[in-house]
Amino acid sequence: MPAPDTAPAHPASPETPAPPPHSIALHLRLLATSDLHAHVLAWNYYSDTPSESCGLARTAALIARARSEAANCLLFDNGDFLNGNPLGDFAAESLAQPGGAAALWPGHPMIAAMNQLGYDGATLGNHDFSAGIGLLTASLAQANFPVVAANIQVIPEVLANPEVLANPESAAHSTPLFTPYALLDRHFLDADGQSWPLRIGIIGFLPPQTLIWEQRHLKSHYQTSEILATARRLVPELRARGADVVIALSHSGIDSESTGNQGNGENVSFALAALAGIDATIAGHTHLVFPTDGPVRQAHPLVMPGFFGSHLGVIDLHLQRGATGWRVVAHQTETRPIAGRVAKTGQLTALVASVPEIDAAARPCHDALRRRAETVIGQTPHPLHSYFALIQPTAALHLVAEAQIASVRATFQGGDYAALPLLAAVAPFKAGGRGGAENYTDVPAGPLTARHAADLYVHPNSIVALRLRGRDIALWLERAVSLYHRIQPGAQDVPLIDPDFPSFNFDMIYGLTCQINLSAQRRFDAKGRVIHPRARRITDLRFHGQPLRPGAEVVLATNSYRSSGGSGFAGTTPDRVIYEGCKPTREVLENHIRETGIATPPPLPGWRFAPMPGTTVLFDSAPRALDHLSDVANLRIEPVMPQANGFHRFRLHL
């Protein structure tokens, strides 16, 4: 990884032309990607088919086009680029084994592709830590561009001096884990073709909550600091070192939470963009696209370019140089998609072809992964899919829960916790949402392969067991069923699902039965904040047919993200942890399938909606859900019509 720039502010140079009396106009274009999650090629590794809507190889065509339109361009990535799909997982596993498969290709395929494209800088996202610090630093050492992260630090002698953890000012005295910022000295052309030197400052930020989500790798030896406080401290330092333009690479969202000064907030990019000294902000993390309707002018230049390479962010800065230096006098932002949908059918179609050179950078790793992914590990007599996972329990999630329970049971066999009820919390990672109508698990009946296991469990989490009480379980489920809007009895064709609630937080608990009363208010909002403290939607909560008492002790098998406090579920404090697995859950799932040989039959419903006669609600799923209506024959579901966004709308009679 490149070392921090230690050069002083611009020295006088005989090659630098003196500014004329009048101001000089210069156009600088910033190009941005974010949340690539190791999607180098335009390929869906879960279905093993080409993809129209992902891949840096496709985005590269937009990068080339945008560069051809402007004389002065810089290209940045906003984090979460190394991990998050089977290619990233396979690259991490291979690179961790010297002399293994990684010997067939030069380094991490994403870094190779980014080097090929000539990135000028990047920052880190929370998922870039998911394979551990060692692999992260080894991969970044291959980068031909600076990688900056200002608000994560190494804590010196933390075990001998634990007060450091409680000291909010300790960030200023601890050692940065990565380069906080970088200074890029470039020459750019004005409208007359005259070359001018500019010093570009780039500074990177990740969510402070990364310390919680990735605590199994970061533990107590690192700390994060607030994004806005860190920016206020370091941006003046960048300016003092001669930065003419300062660009914030903010792996932080832009939702309504980010409009003010929230201190340790997760999504504060709007507030960051408004800070003095920052000229442009590239946002990310929440996988949104901003702006969405063509080029716009905003109060502050800010762009969020989607995810998986779906969009290229473009910020055009118009600079003038006067007696006091360069300043931004006008700007325009836009996002350019790599795919679109046919208006009448909603069918997804690619707008650009992949760039062969970028495709080639990942091809050896890609081919090796595909060969391995087709290894047969078992059989399933019935399809495993997530098309109706938000409407009723599914065989796909039942299989994941079964694997988690089997792993924890084997660990506790004959021990202190063996007699306690053992449950499992699982959520559908792929159930539409921001991923679109193609974002569903779909494993056909027949042979189960390693690729299918990846489709069933897409994240690199590990299994964790928590010792909880019945009251914690009830609150856990209340948090999950905040997915649903409140439904008035007798309502007709009202939306069922809150689109702001991500499906990975619909964390239902297998091993229990219960009813969901949709006419009751939600206890939590989509972000997990309590909005109605007395609200109760979960009723008739039972274990083996008997009511689950509030004080009853249970063991809950969940994942490392959730147990670390991810999304704010009940009972996820460190003192509740009684087991932490070291293997990824996907590997545990693979091993379970190999050992059992065949997936179990579909489960009987564990949770269900309380009846509401005369009430109908609407929900969207993929068009392929039409082929699986027999799997929900116990529910009264009717297809309504296809949607322009590629989904198909269904009606559910409650």
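Quantities reported herein were computed from a predicted structural model and do not represent experimental measurements.

Thresholds, definitions, all that
- Residues numbered from 1 in each chain as written.
- Predicted model: local features only at pLDDT ≥ 70, side-chain atom pairs only at ≥ 80, totals over all residues.
- Heavy atoms only, no water.
- Helix = DSSP H or I, 4+ residues; strand = E, 2+ residues; numbered from the N terminus.
- Buried < 20%, exposed > 50% of the residue type's maximum accessible area, 1.4 Å probe, protein only.
- Areas by Shrake-Rupley, 256 points an atom, 1.4 Å probe, with all protein chains shown as cover.
- Axes fitted to C-alpha atoms, helices over the stretch in contact; angles between N-to-C directions.
- Parallel < 35°, antiparallel > 145°, perpendicular 65-115°, else oblique.
- Contact = heavy atoms within 4.5 Å.
- Nonpolar A, V, L, I, M, F, W, Y, C, P; charged D, E, K, R; others polar.
- Phe/Tyr/Trp six-rings, centres within 6.5 Å; stacked < 30°, edge-to-face > 60°.
- Lys NZ or Arg CZ within 6 Å of the ring centre and 35° of its normal.
- Pairing = 2+ DSSP bridges.
- Expected span 1.5 Å × (residues − 1).
- Salt bridge = Lys/Arg side-chain N within 4 Å of Asp/Glu carboxyl O.
- Core = buried A, V, L, I, M, F, W, Y, C linked by side-chain atoms within 4.5 Å.

## Overview of the overall build of the protein chain
Reasoning step 1: Along the protein chain, the regular secondary structure elements total 15 helices and 36 strands.
Reasoning step 2: Across the 654 residues that make up the protein chain, the buried fraction comes to 57%.
Reasoning step 3: Of the roughly 26,200 Å² of accessible surface on the protein chain, 54% is carried by carbon and sulfur atoms.

## Some points on the packing of helix α11 (residues 395-412) against helix α15 (residues 585-596)
Reasoning step 1: Across the interface, α11 lies against α15 with an axial gap of 9 Å and an inter-helix angle of 90°. Classified by the angle their axes make, α11 and α15 are roughly perpendicular. On α15, the residues touching Leu399, Val400, Glu402, Ala403, Gln404, Ala406 and Ser407 of α11 are Thr585, Val588, Leu589, His592 and Ile593.
Reasoning step 2: Taken together, the residues of the contact of α11 with α15 sort by class into 7 nonpolar, 4 polar and 1 charged.

## Quick look at the environment of Ala454
Reasoning step 1: As for its placement among the helices and strands, Ala454 is situated in helix α12 (residues 450-456).
Reasoning step 2: Sequence separation between Ala454 and Asn85 is 369 residues, and the spatial gap between their C-alpha atoms is 8.7 Å.
Reasoning step 3: When sequence neighbours within four positions are dropped, the list of residues in contact with Ala454 reads Tyr46, Pro86 and Arg586.

## Re the packing of aromatic side chains
Reasoning step 1: Under the definition given, this model contains 19 aromatic pairs.
Reasoning step 2: Aromatic side chains Phe388 and Phe650 sit 6.0 Å apart centroid to centroid with 75° between the ring planes, which places their arrangement in the edge-to-face category. Here Phe650 lies in strand β36 (residues 648-653) and Phe388 lies in the loop between β21 (384-385) and α11, a separation of 262 residues in the sequence.
Reasoning step 3: Looking at Phe650, the relative accessible area reads 0%, which means it is buried.
Reasoning step 4: Aromatic side chains Tyr484 and Phe506 sit 5.7 Å apart centroid to centroid with 80° between the ring planes, which places their arrangement in the edge-to-face category. Linking Tyr484 in the loop between α13 (470-480) and β26 (494-495) with Phe506 in the loop between β26 and β27 (508-510), this pair joins segments that are 22 residues apart in sequence.
Reasoning step 5: According to the relative accessible area criterion, Tyr484 is buried, its value standing at 0%.
Reasoning step 6: Ring pairing ties together the aromatic residues Tyr484, Phe506, Trp607 and Phe609, which thus form one cluster.
Reasoning step 7: Lying across the ring of Phe569, Arg562 places its NZ or CZ 4.2 Å from the centre.

## Overview of the pairing of strand β10 (residues 195-205)
Reasoning step 1: Taken across its 11 residues, β10 has 9 buried, putting it largely inside the fold.
Reasoning step 2: One ladder, built from 9 bridges, connects strand β9 (residues 181-189) with β10; its direction is antiparallel. Bridge assignment links Leu189 to a residue of β10, and that residue is Ser195.
Reasoning step 3: The antiparallel pairing of β9 with β10 creates a hairpin that spans 5 residues between the two strands, and Gly193 there sits at a positive phi of about 85°.
Reasoning step 4: Pairing analysis gives 6 bridges linking β10 to strand β12 (residues 245-250), with the strands arranged parallel. If you follow Phe205 over to β12, its bridge partner there is Ser250.

## Observations concerning the sheet that holds strand β17 (residues 325-337)
Reasoning step 1: Read across the sheet, 6 strands follow the order β6-β5-β4-β1-β16-β17 without closing on themselves; strand pairing throughout is mixed. At either margin of the open sheet sits one strand with a lone partner, and together these are β6 (147-148) and β17.
Reasoning step 2: Two strands pair when backbone bridges link them, and strand β16 (residues 311-322) and β17 are joined in this way by 12 bridges, in the antiparallel orientation. By the bridge assignment for β17, Arg321 is matched with Trp326.

## Topic: helix α1 (residues 56-69)
Reasoning step 1: For α1, built from 14 residues, the straight-helix expectation of 20 Å at 1.5 Å per residue is met to within 8% by its first-to-last C-alpha distance of 20 Å.
Reasoning step 2: If you check which residues of α1 are buried, you get Leu56, Ala57, Arg58, Thr59, Ala60, Ala61, Leu62, Ile63 and Ala66.

## A closer look at the environment of Pro447
Reasoning step 1: If you trace the backbone, Pro447 turns up in strand β24 (residues 446-449).
Reasoning step 2: For the pair Pro447 and Thr375, spaced 72 residues apart in sequence, the C-alpha separation works out to 9.6 Å.
Reasoning step 3: Those residues in contact with Pro447 that sit more than four places away from it in its chain are Val376, Gly378, Gln379 and His452.

## Comments concerning α13
Reasoning step 1: Within α13, 8 of the 11 residues are buried, which leaves it mostly tucked inside the rest of the structure.
Reasoning step 2: Restricting attention to buried positions, one finds in α13 the residues Gly470, Asp472, Ile473, Trp476, Leu477, Glu478, Arg479 and Ala480.

## Here we look at the pattern of salt bridges
Reasoning step 1: Within this structure, the stated rule accounts for 30 salt bridges.
Reasoning step 2: Put simply, Arg651 and Asp493 hold a salt bridge, and the shortest N to O gap is 2.8 Å. Pair noted here: Arg651 is in strand β36 and Asp493 is in the loop between α13 and β26, with a separation of 158 residues, a long-range link.
Reasoning step 3: In this structure, the salt-bridge partner of Arg542 is Asp540, at a minimum N-O distance of 2.6 Å.

## A few points about the sheet that holds strand β13 (residues 280-283)
Reasoning step 1: Pairing within the open sheet is mixed, and its 6 strands lie in the order β9-β10-β12-β13-β15-β14. A strand with exactly one partner marks an edge of an open sheet, and here the two such strands are β9 and β14 (289-290).
Reasoning step 2: Here helix α8 (residues 227-240) sits on the sheet in contact with β9, β10 and β12, set at roughly 155° to β10.

## Focus: the nonpolar core
Reasoning step 1: Phe81, Leu124, Phe129 and Leu140 are the most contacted members of the largest nonpolar core, which totals 53 residues.
Reasoning step 2: Of all the secondary-structure elements, those providing two or more residues to this core are α1, α2 (86-95), α3 (109-117), α4 (133-140), β16 and α10 (356-373).
Reasoning step 3: In terms of residue count, α1 provides more of this core than any other element does, 7 residues in total.
Reasoning step 4: Here Phe129 is in contact with Asn83, Leu124, Leu136, Ile152, Leu177, Phe178, Leu206, Thr210, Glu214, His217 and Leu218, once residues within four sequence places are set aside.
Reasoning step 5: Grouped together as the second largest cluster of nonpolar side chains are 51 residues, Leu390, Leu518, Leu652 and Leu654 included.

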